[in-house]
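Observations on chain architecture
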Amino acid sequence: MNTLQKSIAAMATVITLGGSYYYATNSTVRDKTQTFLGVKEKEGSKPIYNGCFVIFDPSGSTSSTYSVPKIDTTYVKLLVEKIRENGYGELWVTFIDKDAFNNPIVYFNVTEQPAKLELPVRIPGESRIAFNKRKDVYAKGMKSYEATSLQYQAKFQAELAKFLKDCNSIIQKEYGVRPQSEDWSDIIGSVNAATRTFSTVAPDSVHFRSVLLVSDGIQSQPVGAQSKPLDAIPSDVKVVTVNNGGSPLSIMSGRATEVENLERALNLVIHQHKLED
């Protein structure tokens, strides 16, 4: 058995004994596997990292004049799906109240979808026998890969269901009736929490980061309370606010893109593949 045949056999063993899981979830392993087998992923752009920090503002939500749209778990799931369509990333969900800097934050790690493969490509000068052997290895590996992909997807969906359940808990609780004495909006505290969180994201993994602020952006505190200063927001962090009625008094005015509905915001906070990518 020559060196190429040994390499092919070794790679086949890795795939069939469970390496397909790592193939599905690890781009480095995929690259090495493709080098050995001469296979390639279906045409498409490289995966994009999207980190989105969602902040919803339930203050005044029981008022008849409330103009800020309400988020729900259906919308949160759309964000996850949009991130995954374009690669991988992270999603955080929290809320605004009287003192928002230390509010609970629900987190979800959005992993890549398992890569889809095409048949091996014949290498120029490669004999038909050698090519057929590689195709046989590919076919055997695919059986294991497909089974592992199903397991991986099931695991992802279970984790997503738990995340959405946790999100629903805080959404239902915080959109409930608040005593007037507690109905305040610490916008600065929530945005500072987002900035703090993004400071923990490794720079070499960052492609696109955004803050989705579903709020009128108006800082309101009890009489005598002193708001903390707004931390500097990194220039590469895109801030999008959502408010049906518009907010000229928003503390994010001049620093954020304001839109009137959640659907438009969805397309602004997630960086998507374009033809030129």
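First, a word on scope: everything that follows refers to the structure included in this document. (Residues numbered from 1 in each chain as written. Predicted model: local features only at pLDDT ≥ 70, side-chain atom pairs only at ≥ 80, totals over all residues. Heavy atoms only, no water.)

**Here we look at the overall build of the chain**
Note the threshold: Segments assigned H or I by DSSP are reported as helices when at least four residues long, segments assigned E as strands when at least two residues long, and all are numbered from the N terminus. Under the scheme applied here, a residue whose accessible area is under 20% of the maximum for its type counts as buried, over 50% as exposed, and between as partly exposed, the area being computed with a 1.4 Å probe on protein chains only. Throughout, a contact is declared for two residues whenever any of their heavy atoms are within 4.5 Å. Accessible surface is estimated by sampling points in the Shrake-Rupley manner with a 1.4 Å probe; for residues, cover comes only from the protein chains shown.
Scanning the chain from N- to C-terminus turns up six helices and six strands. N-terminal to C-terminal, the α/β element order of the chain is α-α-β-α-β-β-α-α-β-β-β-α. Sorting the 277 residues of the chain into buried and exposed places 44% on the buried side. Residue pairs at least 24 apart in sequence account for 77% of intrachain contacts in the chain once pairs closer than 6 positions are excluded. Accessible area for the chain stands at about 14,700 Å²; split by element, carbon and sulfur atoms hold 55% of it.

**Section: helix α3 (residues 73–85)**
Residues lying three or four places apart along an α-helix face the same way, a consequence of the helix completing one turn every 3.6 residues. So the rule is basically this: Expected helix span is computed as 1.5 Å times (number of residues minus one). Polar contact is the term for a pair of N or O atoms within 3.5 Å; when the atoms are in protein, one must be able to donate a hydrogen and the other to accept it, and sequence-neighboring residues count only if both atoms are side-chain atoms.
The end-to-end C-alpha separation of α3 is 18 Å, in line with the 18 Å expected for 13 residues at 1.5 Å each. Within the sequence span of α3, burial applies to Tyr75, Val76, Leu79, Val80, Lys82, Ile83 and Arg84. Where α3 begins, one side-chain oxygen reaches toward the backbone nitrogen of Thr74, 3.2 Å away; that side chain belongs to Asp72. A positive phi of about 145° marks Gly87, the residue just after α3.

**Re the sheet that holds strand β5 (residues 237–242)**
As a reminder of what qualifies: Strands are treated as partners if at least two bridges between them are detected by DSSP. What counts as an axis is a line fitted to C-alpha atoms, over the stretch in contact for a helix, and the angles between N-to-C directions run from 0 to 180 degrees.
If you trace the six strands from one edge of the open sheet to the other, you get β3-β2-β1-β4-β5-β6, paired in mixed fashion. Lying at the two open borders of the sheet, with one neighbouring strand each, are β3 (106–110) and β6 (257–259). Neighbour-to-neighbour, the strand axes of the sheet open up by a mean angle of 15°, direction not taken into account. For strand β2 (residues 87–95) and β3, the ladder comprises five bridges, and the chain directions are antiparallel. Looking at β3, one finds that Gly89 is bridged to Val110. Along the sheet face, helix α4 (residues 128–174) touches β1 (48–56), β2 and β3 and points at about 155° away from the line of β3. Packing of helix α5 (residues 187–198) onto the sheet brings it into contact with β1, β2, β4 (208–214) and β5, and relative to β1 it is tilted by some 160°.

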